Amino acid sequence: MTTNNNNTKAVPEAKAALKQMKLEIANELGISNYDTADKGNMTARQNGYVGGYMTKKLVEMAEQQMSGQQR
C-alpha cells in the first residue's frame, strides 16, 4: 500500500510555533501530556478538538492580520 502524504508545511520555519500552539490548545482543552501521549489511543473527538481549535485560532489570526488589526 502506498501512502500519499501531502502534509507539507507551506512555511517550514513555522513548525515549532505550530507545535507550541498545538500543545497550548491541548492544555486549554484539558488534555494533559499531549506531546507525549499516544495519539492512536486518544479518541477521534479529542484529536479533532485540538485540530479544530488550531484551525479556528489560525483563521482568527489571519482575519485580524488582513483587517490590519493586531492583538
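Our structure's up above, just so we're on the same page.
Because the structure is predicted, anything quoted here is derived from the model rather than measured.

Draft legend 1. Focus on the overall build of the chain. Looking only at helices and strands, the chain features 2 helices and 0 strands. Accessible surface computed for the chain: about 6,100 Å², of which carbon and sulfur atoms make up 49%.

Draft legend 2. Inspection of the layout of surface pockets at higher detail. Volume-wise, the largest pocket comes out at about 220 Å³. Looking at the lining of the largest pocket, the element that brings in the most residues is helix α1 (residues 15-28), giving 5 residues. Classifying every residue of the lining of the largest pocket by side-chain character gives 4 nonpolar, no polar and 6 charged.

Draft legend 3. Spotlight on a nonpolar patch on the surface. The grouping of Leu29, Tyr49 and Tyr53 at the surface amounts to a nonpolar patch, some 280 Å² of accessible area in total. Among the structural elements, Tyr53 can be located in helix α2 (residues 44-67). A residue is classified by how much of its surface remains accessible, and Tyr53, at 37% relative accessible area, is partly exposed.

Draft legend 4. Molecular detail of unusual backbone geometry. A positive phi angle is found at Asn33, which is not glycine, with a value near 55°. Checked against the element boundaries, Asn33 lands in the loop between α1 and α2. Using a relative accessible area of 55% as the deciding quantity, one classes Asn33 as exposed.

What counts, and at which threshold
Residues numbered from 1 in each chain as written. Predicted model: local features only at pLDDT ≥ 70, side-chain atom pairs only at ≥ 80, totals over all residues. Heavy atoms only, no water. Helix = DSSP H or I, 4+ residues; strand = E, 2+ residues; numbered from the N terminus. Areas by Shrake-Rupley, 256 points an atom, 1.4 Å probe, with all protein chains shown as cover. 1 Å grid on protein atoms, 1.4 Å probe; cavity = no way out; pocket = protein on both sides within 12 Å on 5 of 7 lines; lining within 4 Å. Points joined across faces, edges and corners; volume = space filled by probe spheres on them. Nonpolar A, V, L, I, M, F, W, Y, C, P; charged D, E, K, R; others polar. Patch = residues over 30% accessible without salt bridge, like charges linked within 9 Å, V, L, I, M, F, W, Y side chains within 5 Å. Salt bridge = Lys/Arg side-chain N within 4 Å of Asp/Glu carboxyl O. Buried < 20%, exposed > 50% of the residue type's maximum accessible area, 1.4 Å probe, protein only.

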